[in-house]
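# Chains, contacts and geometry: an overview
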Amino acid sequence: MAKSFDVVVIGAGPAGYVAAIRCAQLGLKTACIDDWRDETGRSSLGGTCLNAGCIPSKALLESSERYLQTKSGLEDYGIVASGVKLDLARMQARKTKIVQTLTQGIAGLFRTNRITALAGRGQLVDSGRVAFTPHDADQAEEVTAQHIILASGSRPVTLGAAPVDGDLVVDSSGALAFSEVPKRLGIIGAGVIGLELGSVWRRLGSEVVLLEAQTEFLSMADADLAGQALKIFTRQGLDIRLGCRVTGIKTARRQVQITYQNAEDAAEELKVDRLVVAVGRRPNTDGLAAPGARLQLDEKGYVDIDEHCRTNLPNVYAIGDVVRGPMLAHKGSEEGVAVAERIAGQPGHIDYDLIPSVLYTHPEMAWVGRTEAAIQAAGVECRVGTFPFAASGRALAVGESEGVVKIVADAKTDRILGVHILGPGASELIAEAVVAMSFGASSEDLARTVHAHPTLAEAVHEAALAVDKRAIHIRNR
Ligand code: FAD
Ligand code: NAD
């Protein structure tokens, strides 16, 4: 007999598992189908984010930063450390343990919320039916549902010129699992993954070269901050080559030889021990719906949805990386909550203009809203306030005074239109900007908010004051 639910979710990444939990909280009988298996073959909830994305990368970023600091960054603090050694196996084991704690945590949350976890593949048959094939089974079972949420996520884009072999040439998953530090590491793509994972291996001792197709560095970020970040990352030893087009690779004698056209269109060669391909991700739609379901995809291959995450099929929704918008865990999770609430008859809502972006490098970079250039291009007059961390007492005490806070406000209304931070704790500091902007704050509102002293958040306060040229701890221009 067919299993029957109010809601069936396909995919248990941060979009799908959050949707499932919220559905269950709202009293809906919910099942979540997911096909992820860990290296031991066991099913593991949490999708890309928990298993091979956000969490393992942040675990390695933290470990590698602590290693570098302890090895060569403590003298200024009056600490002399000697004999510092790298134990990569233990570093990787720590990462795996964190992943397991969290993925098992999701399994626990499913149990407490009485969500049925179905391990295997799901395929949308029509508006009310999903074919579920359990792991290691040949036959699909029918699962029926009043509502279906597609949350199948994404996978790395592949490059014809540099095919991944899982050994010398890897994608982000492979680059999270190296068992030894490559002497020379090549990375195609100086985007978020390239910079984060490049930082990890650079800190652990690799010579890292990033080959980036675009001539502009971090083109989605504020140009001033991107320029500063490029200088800092270059000083850290990341060799970032812009305007490069990889034309082919050859592997021989445990080395990868890369050929590429540089920014001047001259042919160049580069030999590395390992190569990471990190040129973006694409939506997982292969086999997601049976052809007869007639699920509509958009021109880029994402599941086509309206502003309420509704697909072209009645009662079928899609959320997360498999639909348009930034491929970020928190964006998918918020869509999951909103869809669950709509299914339950409540008004779910997301402000797509206020989704924060974070680059977990050192220093971190984070932003929300629009860049100064985008605001000006839209013909809106704006005022800008900046405050460097070099003038922050707390940043100096912490020993991390690189970077700046930049606030862009509407020149007429003073409403904050964008906040851009390069500096210590940017990933946490940006939350204040998101909250302020969610409430339609002006720079004056932030300027009149009391910030504790000495904190890094004072830099946000001072940048807000600087919009009106009344910052206290810098000269206002
Ligand atoms: P996914 O997390 O991809 O989950 C989809 C799940 O559905 C997977 O388990 C998949 O196996 C399963 N699935 C697919 N098809 C089927 C099917 N037919 N049947 C059953 N199951 C199926 N984002 C951030 O916000 N912050 C970060 O710091 C960050 N770091 C990242 C670092 C790396 C290295 C990578 C690769 C990504 C990172 N991301 C980060 C992006 C983030 O991981 C994704 O945006 C997020 O995981 C998307 O969530 P999702 O639920 O839409 O999809
Ligand atoms: P990305 O889009 O951030 O960067 C890919 C880079 O590769 C771009 O700069 C692009 O210009 C470049 N590129 C594309 N084709 C190329 C080619 N042929 N040769 C050289 N360069 C080329 O994508 P990503 O770094 O692969 O990350 C994928 C997704 O995962 C992103 O959308 C991101 O949102 C998400 N992610 C987020 C975080 C975070 O929030 N901190 C961390 C990692 C990943």
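Just so it is clear, the model here is predicted, and its values are computed rather than measured.

This part covers the sheet that holds strand E12 (residues 255-261). With antiparallel pairing, the 3 strands of this open sheet are ordered in space as E11-E12-E13. The two strands at the open ends of the sheet, each matched to only one other strand, are strand E11 (245-252) and strand E13 (267-272). Pairs of neighbouring strands in the sheet enclose a mean axial angle of 20°, with direction left out of account.

In the vicinity of ligand 2, 19 residues are found, and the nearest of them are Ile193, Glu196, Glu212, Gly280 and Val358. Within the backbone of Ile193, a nitrogen or oxygen atom sits 2.8 Å from an oxygen atom of ligand 2. With respect to ligand 2, the side chain of Gln214 contributes an N or O atom lying 3.3 Å from an oxygen atom. Burial of ligand 2 by the surrounding chains reaches 75%, relative to a free accessible area of 840 Å². Element by element, the count of residues in the shell around ligand 2 is highest for helix H6 (residues 192-203), at 3 residues. Its residues assigned to classes, the shell around ligand 2 comprises 12 nonpolar, 4 polar and 3 charged.

What follows covers the packing of helix H1 (residues 16-25) against helix H4 (residues 88-112). Viewed as axis vectors pointing N to C, H1 and H4 meet at an angle of 20°, and their least axial separation amounts to 10 Å. It follows that H1 is roughly parallel to H4 by the angle criterion. The two elements H1 and H4 cross, and the hand of that crossing is left-handed. Residues Tyr17, Ala20 and Ile21 of H1 form the contact with H4, whose own contacting residues are Ile106, Leu109 and Phe110. Looking at the contact of H1 with H4 residue by residue, the classes come out as 6 nonpolar, no polar and no charged.

Domain annotation of the protein identifies domain 1 (3-156 + 282-350), domain 2 (169-279) and domain 3 (354-467). Computed from C-alpha atoms alone, the centre-to-centre distance between domain 1 and domain 2 is 28 Å. Taken together, the contacts link 17 residues of domain 1 with 15 residues of domain 2. Where domain 1 packs against domain 2, one counts 2 salt bridges. For Lys58, the salt bridge goes to Glu196, with nearest N and O atoms at 2.8 Å. Between the two partners, domain 1 and domain 2, sit 7 residue pairs in polar contact (both at pLDDT 80 or more). For the side of domain 1 that touches domain 2, the secondary-structure elements that each account for two or more residues are helix H3 (54-72) and H4. For the side of domain 1 that touches domain 2, a count of residues per class yields 10 nonpolar, 4 polar and 3 charged.

So, on to the site of ligand 1. Inspection of the region around ligand 1 gives 36 residues, with Asp34, Asp35, Thr48, Lys58 and Ala329 positioned closest. Protein contacts shield 93% of the accessible area of ligand 1, which totals 1,000 Å² for the unbound molecule. When residues in the shell around ligand 1 are grouped by element, the largest group, 4 residues, is from helix H2 (residues 47-52). The class makeup of the residues in the shell around ligand 1 is 15 nonpolar, 15 polar and 6 charged.

Under the criterion given, the structure shown has 26 salt bridges. The salt bridge partner of Lys3 is Glu141, with a shortest N-O separation of 2.9 Å. Here the residue Lys3 occupies a position in strand E1 (residues 3-10), and Glu141 occupies one in strand E5 (residues 141-150), the gap between them amounting to 138 residues. For Lys3, a relative accessible area of 33% corresponds to the partly exposed category. The partner of Arg470 in a salt bridge is Glu444, with the nearest N and O atoms 3.0 Å apart.

Once that is clear, we can look at the environment of Thr413. Of note, Thr413 is situated in the loop between strand E20 (404-410) and strand E21 (416-423). Sequence separation between Thr413 and Ser443 is 30 residues; the distance between their C-alpha atoms is 9.6 Å.

Taking burial as the measure, the 10 residues of H1 include 9 buried ones, the bulk of the element. Here H1 has its buried residues at Gly16, Tyr17, Val18, Ala19, Ala20, Ile21, Arg22, Cys23 and Ala24. For H1, the secondary structure elements touched by its buried residues are E1, strand E2 (30-34), H2, H4, E5 and helix H8 (329-343). Phi turns positive, to about 85°, at Gly27, one or two residues after H1.

Here the distance between the centres and the angle between the planes together describe a pair of aromatic rings. What the rule picks out here adds up to 2 aromatic pairs. The interplanar angle of 50° and the centroid separation of 5.2 Å between the aromatic rings of Phe178 and Trp201 together place this pair among those described as tilted. A residue pair is termed long-range when its members are at least 10 positions apart, and Phe178 in the loop between helix H5 (172-175) and strand E8 (184-188) and Trp201 in helix H6 qualify at 23 residues. The pair Phe178 / Trp201 is uniform in exposure class, with both members buried. Relative to Phe233, the ring of Phe217 lies with its centre 6.3 Å away and its plane at 80°, an arrangement referred to as edge-to-face. Of this pair, Phe217 sits in the loop between strand E9 (207-211) and helix H7 (223-235) while Phe233 sits in helix H7; the two residues are 16 residues apart in sequence, bridging distant segments of the chain. There is no split in this pair, since Phe217 and Phe233 are both buried. Taking NZ or CZ as reference, Lys29 lies 5.1 Å from the ring centre of Phe5, over its face.

The rules behind each value
Residues numbered from 1 in each chain as written. Chains lettered and ligands numbered in written order. Predicted model: local features only at pLDDT ≥ 70, side-chain atom pairs only at ≥ 80, totals over all residues. Heavy atoms only, no water. Pairing = 2+ DSSP bridges. Helix = DSSP H or I, 4+ residues; strand = E, 2+ residues; numbered from the N terminus. Axes fitted to C-alpha atoms, helices over the stretch in contact; angles between N-to-C directions. Near = heavy atom within 4 Å. Polar contact = N/O pair within 3.5 Å; in protein donor to acceptor, adjacent residues only side chain to side chain. Areas by Shrake-Rupley, 256 points an atom, 1.4 Å probe, with all protein chains shown as cover. Nonpolar A, V, L, I, M, F, W, Y, C, P; charged D, E, K, R; others polar. Parallel < 35°, antiparallel > 145°, perpendicular 65-115°, else oblique. Left-handed = near helix turned anticlockwise from the far one by under 90°. Contact = heavy atoms within 4.5 Å. Domains from an automatic or database assignment. Salt bridge = Lys/Arg side-chain N within 4 Å of Asp/Glu carboxyl O. Buried < 20%, exposed > 50% of the residue type's maximum accessible area, 1.4 Å probe, protein only. Phe/Tyr/Trp six-rings, centres within 6.5 Å; stacked < 30°, edge-to-face > 60°. Lys NZ or Arg CZ within 6 Å of the ring centre and 35° of its normal.

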